[in-house]
Amino acid sequence: MTNPNVSLIRKPVLFIALAATLIYTGCKVYPKLAGGKPADLNRTWSIYKADNEGTAYSVLDQVNLSNINQLQLAWSHRFSDAPQGSRGGNSESNPIIIDGVMYTMSARHRVYALNATTGEQIWAFDPFDGAAGGGVGRGVTYYEDGADKRIMFTGGDQLFSVNAATGELITSFGKGGKVSMNVGMRGDPDKISVIPTTPGTIYQDLYIIGNEVSELYGAEPGHIRAYNVKTGALVWTFHTVPQPGEVGYETWPKDAWKYVGGANSWGGISLDEKRGMVFLSTGSPTYDYYGKDRAGDNLFGNSVVALDARTGKYKWHFQTVHHDLWDYDLPAAPNLITVVHNGKKIDAVAQTSKLGYIYTFNRDTGEPLWPIEERPVPASDIPGEVTSPTQPFPTKPKPYSRQIITEADIANYSKGSHDSLLQRFRSFRYEGPFTPPSIKGTFMMPGSRGGSSWGGGTVDPTKGIIYVKSNDSPEIATMKKVEQETADLSKFEQGKALYMTYCVACHMPDKNGDESGNPSLVGIENRMSREDALNKIKRGGGKMPSFASVIAGKEEGIISFLFEKEPAAPRAGREQSFLKEIQANNAANKVADIKPDDQYLNLTAYGQFTDNQRRQGIKPPFGQLHAINLNTGEFEWTITLGNTPDSQLPGAPETGASGSAGPLVTKGGLLFIGSTRDRKLRAIDQKTGKVVWEYTLPGIANANPSTYWSNGKQYIAISVAGDAANPAGYMMAFALPE
């Protein structure tokens, strides 16, 4: 029987790819991959970010410095799974390519197989079976055992396995081809929603994956889990919030594992296949900005963790932030790299961060390659909060994003703008890095969107150099104690309270959004249905996390506020709404009976420091790209990347732009990166940092690019966000002319 979720167009791509490989290898010897294996040219980018080590490096060099000026668009595939008139979707998918077939996701989280030479569709799979779906999806995973070839991916809270050739569900996997990732968590599977965003990693017959959970009180813990690739059976679980008898249990209150959540790995997992070890990085425990109920260092929050890939057993860890109060997640998988350190070759682990530090460790022992010092940091002034007295500071390499802001760094667009920004800056609590959130408002630098994001680092394994995109993005953390509910709210008032609590920092009080990727919600009724809007809020997408648990039981309220006019004399309800959300989260908990305690909310979380015209509140640069030599710990070069025109003074150089995605690097001496909101795909000289080629895309390329070999050519491919002409977005591939 044909699966209604799959649309299939068959193309003879395998023979073409094989013939091309024979032609190419007739005059060239297979190069080596990062792990030391000979490269199969048809599979040099068969894993998310190229390989198990997460290098985002390619041995291909047909496109190089001598001919980059000839690079041109080879094909563009227009995804067609979004209704016309809908807002353009954000795509973060890093495509993989196996034997002439590209596997990727659209901006609406549908899965596609495309002919890698022409961009023609072979098949498509809809994990939401016709529903709106959506949410962040950074790619898929390929598995092969003889004739058994599968594509594995998540859609919502389900893990799917489909036939790589046809896109049909493999019904022997789980229940009819899918597994609920809610099962095996702490909470009631029917009341929670665990939604991974980054594809899992294959080790032997295991599919190993982290998850993304709520960042609020009552969130699920960030279990790392391994499933049997063939059956979908759960094989092992590593508790990032340790349970009694497990390593790290003593860094929490006695029963914290029953109610604390987060400490999840949402940026991916790296694998050393030879050692049989996986390496992961985790985010902050919940609630992100207040931790009275989680006193202690809170392992394995904000940690680089090494596990036995076969069993999930603990090997070693390093915690980069103790008792996180700033949402300083480790946002990307560790990079595995071999360096020369003190005259010896060392297999190492390099971890990028929101703080703008690279933490570098011996892969076997977890020992830092350079000293990491515990230094005193400011204490919290919020009742009940007990901050860590010290935090870890790497001594080398130096940070790749700004750590300190002074009054001299405040933007000066005009006297009025500068005076207003300066007055605000002086009104906040700010004592340098790790200044805790406060009731008066804390200036956070780096902010939770600073340093680098999920795009992570890119490694040239032949040189020991890591390349990383950075952001200088300060934020304001303004805490408020949440009081008990005192009044019932109308549906509209309830929705407004939700909006003013969770949405206002990004979408603004007037719903007009801003220029940093947070869209206007004005007139939303003309762009999407109420059902689609509700599904978007539940599943998240782009920068927006899932708010399924937040709006549980209050769906009518948030939709009423977004789609209807405000009635007369509304009542404020921020605190009441927050407490209702806490109650809903706690109701899903099967382990603990949660008693109310002091709770504070960061009312300005993720909000930027800008002037009244929403221009950046600090002087540029706002975004840079760096080359850092991990043999020496020294910078090779740094460039400003992109531009933010509304924050650029007349006649001034480009300001740089924030962005989450990272680059790829090739043997041809080139880096390729999108990431910035100016819609540019750029090629950069690996040695100097000079931009040597650029192309203006139809939308933002907020995705890591891939490069691959197909039918005698090297291609560079990137996912592109939707635009007015095609809201579902594009996959675009570039190559040299015939």
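Residues numbered from 1 in each chain as written. Predicted model: local features only at pLDDT ≥ 70, side-chain atom pairs only at ≥ 80, totals over all residues. Heavy atoms only, no water.

Asker: What am I meant to see in the nonpolar core here?
Answerer: Looking at soluble globular proteins, one finds that nonpolar side chains tend to be buried together. Core analysis: the largest hydrophobic core is formed by 37 residues, its most contacted members being Val63, Ile68, Leu71, Trp75, Met102, Phe672 and Tyr708. Only β6 (111-115), β34 (670-673), β35 (680-685), β38 (713-720) and β39 (730-735) provide two or more residues apiece to this core. At six residues, the largest contribution of residues to this core is made by β39. Those residues within four positions of Phe672 in sequence are excluded, and the remaining contacts are Val63, Ile68, Leu71, Pro663, Leu664, Thr666, Arg682, Ala683, Pro705 and Ile716. Judged by nonpolar contacts, the second largest core, of 23 residues, contains Phe279, Val304, Val349 and Tyr359. (Core = buried A, V, L, I, M, F, W, Y, C linked by side-chain atoms within 4.5 Å. Buried < 20%, exposed > 50% of the residue type's maximum accessible area, 1.4 Å probe, protein only. Helix = DSSP H or I, 4+ residues; strand = E, 2+ residues; numbered from the N terminus. Contact = heavy atoms within 4.5 Å.)

Asker: Explanation requested: the environment of Ala233 in the structure shown.
Answerer: With respect to the helices and strands, Ala233 occurs in the loop between β14 (224-228) and β15 (234-238). In this structure, the C-alpha to C-alpha distance between Ala233 and Leu206, residues 27 residues apart in sequence, is 9.7 Å. Ignoring sequence-local partners within four residues, the contact set of Ala233 consists of Ala226, Tyr227 and Asn228.

Asker: Help me out: how do you make sense of the sheet that holds strand β11 (residues 178-180) in this one?
Answerer: Hydrogen bonds along the backbone pair up the strands of a sheet, which may run parallel or antiparallel. Spatial strand order, β8-β9-β10-β11: four strands in an open sheet with antiparallel pairing. Each of the sheet's edge strands pairs with one partner strand only, and the pair in question is β8 (141-145) and β11. Direction aside, neighbouring strands of the sheet carry axes that sit 20 degrees apart on average. Summarising the sheet, β8 and strand β9 (residues 148-155) pair through five bridges and their orientation is antiparallel. In the sheet register, Tyr142 faces β9, and the bridge partner there is Ile151. (Pairing = 2+ DSSP bridges. Axes fitted to C-alpha atoms, helices over the stretch in contact; angles between N-to-C directions.)

Asker: Help me understand the sheet that holds strand β32 (residues 634-640), please; the structure alone is not making it clear to me.
Answerer: Read from one edge of the open sheet, four strands run β26-β27-β31-β32, paired in antiparallel fashion. The strands lining the two open edges of the sheet, one partner per strand, are β26 (457-460) and β32. Between one strand and the next, the sheet's axes are offset by a mean angle of 20 degrees, whatever the strand orientation. Pairing geometry for β26 and strand β27 (residues 465-471), over four bridges, is antiparallel. Among the inter-strand pairings, Thr458 is bridged to a residue of β27, identified as Tyr467.

Asker: For this particular structure, what's the right way to read the confidence of the model for the protein chain?
Answerer: Should the pLDDT be low somewhere, the predicted coordinates at that spot are not to be read in detail. Counting all residues, the mean pLDDT for the protein chain is 89, and 87% of those residues have values of 70 or more. For residues 9-30, every residue scores under 50 in pLDDT, and the model assigns this stretch 32 contacts once sequence neighbours within four places are set aside. Every residue in residues 484-488 scores below 50 in pLDDT, and together they form 10 contacts with partners more than four places removed in sequence or on other chains. (pLDDT = per-residue confidence, 0-100.)

Asker: So what exactly am I meant to see when it comes to the packing of aromatic side chains here?
Answerer: Describing an aromatic ring pair means giving the distance of the ring centres and the angle of the ring planes. Scanning all chains against the criterion turns up 32 aromatic pairs. Here the aromatic rings of Tyr287 and Tyr289 are separated by 5.8 Å at their centres, their planes lie at 65 degrees, and the arrangement is edge-to-face. For the residue pair Tyr287 and Tyr289, the accessibility class agrees, reading buried in each case. An angle of 80 degrees between the planes, with centres 5.7 Å apart, marks the rings of Trp693 and Phe734 as edge-to-face. Pair noted here: Trp693 is in strand β36 (residues 691-696) and Phe734 is in strand β39, with a separation of 41 residues, a long-range link. When its relative accessible area of 9% is taken as the criterion, Trp693 is described as buried. Through successive ring pairs, a cluster of aromatic residues spans Phe279, Trp316, Phe318, Trp326, Tyr328, Tyr357, Tyr359, Phe361, Phe393 and Phe434. When the ring centre of Phe635 is taken as reference, the NZ or CZ atom of Lys398 above it lies at 5.1 Å. (Phe/Tyr/Trp six-rings, centres within 6.5 Å; stacked < 30°, edge-to-face > 60°. Lys NZ or Arg CZ within 6 Å of the ring centre and 35° of its normal.)

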